[in-house]
Amino acid sequence: MTSTTEARVSRPIADLESDSLLGSFPDGPRLVGTRCDRCGRTMIGVRVVCSSCVSTDVSRIELPTTGVLYTFTRLHVGGDGIRILGYVDLDDDVRTLADLREDGTPLRPGLRVELGVDGDNWFFAPVSGATKGQSDD
């Protein structure tokens, strides 16, 4: 008699409910985040499970509009010109990869930046009033 054993295969849990990171809130368009009601972890995007403790007890929140530029690079994209990308540490301990705009203030790690929205596109730029040589610490 032959016995058949079914192999148990674990399946990945999709944690993002949507690819869109921009949402509408009473204060206007903001980046959408999720806060875990069990462990308190905050994540970017609308998630169905916590990326830290895998709890399904999560809440949709709006993320802060300001943060600090961690690092950045300039990509030379053929005839399309230069695209500036960088990691921004939002004021609630969430780090995100984002398009950047200089708006007259040279970019540097440690610079305070704020969210900008242009239609469906979002980016970060130096906080209004930031000047060259100004200390942001």
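Look above for the structure.
Only a predicted model underlies this, so the values are computations on that prediction, with no experimental measurement involved.

### Some details on the pattern of salt bridges
Counted under the stated rule, the structure contains seven salt bridges. Of the charged contacts, one joins E62 and R30 as a salt bridge, the two residues approaching to 3.6 Å between their closest N and O atoms. Of this pair, E62 sits in strand β4 (residues 58-62) while R30 sits in strand β2 (residues 28-36), and the two are 32 residues apart along the sequence. R30 gets classed as buried once you look at its relative accessible area, which sits at 18%. The salt bridge involving D91 is made with R112; its shortest N-O contact spans 3.0 Å. With D91 in the loop between β6 (82-90) and β7 (95-99) and R112 in strand β8 (residues 112-118), this pair connects stretches of sequence that are 21 residues apart. A relative accessible area of 45% places D91 in the partly exposed class. We classify R112 as partly exposed; its relative accessible area is 25%.

### Looking at the environment of E114
One can find E114 in strand β8. Here E114 falls in the partly exposed class, since its relative accessible area comes to 25%. For the pair E114 and T66, spaced 48 residues apart in sequence, the C-alpha to C-alpha distance is 4.3 Å. Here the side chain of E114 touches S128 through a polar contact of 2.9 Å, landing on its backbone nitrogen.

### A closer look at the packing of aromatic side chains
Under the definition given, this model contains one aromatic pair. Look at W122 and F124: their rings are 6.2 Å apart centre to centre, the planes differ by 90°, and that puts the pair in the edge-to-face class. Look at F124 and you get buried, because its relative accessible area is 0%. Looking at R95, its charged tip hangs above the ring of Y70, at a distance of 3.7 Å from the centre. Here R101 stacks its cationic end above the ring of F123, 3.7 Å away from the centre of that ring.

Criteria and thresholds
Residues numbered from 1 in each chain as written. Predicted model: local features only at pLDDT ≥ 70, side-chain atom pairs only at ≥ 80, totals over all residues. Heavy atoms only, no water. Salt bridge = Lys/Arg side-chain N within 4 Å of Asp/Glu carboxyl O. Helix = DSSP H or I, 4+ residues; strand = E, 2+ residues; numbered from the N terminus. Buried < 20%, exposed > 50% of the residue type's maximum accessible area, 1.4 Å probe, protein only. Polar contact = N/O pair within 3.5 Å; in protein donor to acceptor, adjacent residues only side chain to side chain. Phe/Tyr/Trp six-rings, centres within 6.5 Å; stacked < 30°, edge-to-face > 60°. Lys NZ or Arg CZ within 6 Å of the ring centre and 35° of its normal.

Honestly, it's all geometry; don't read function into it.
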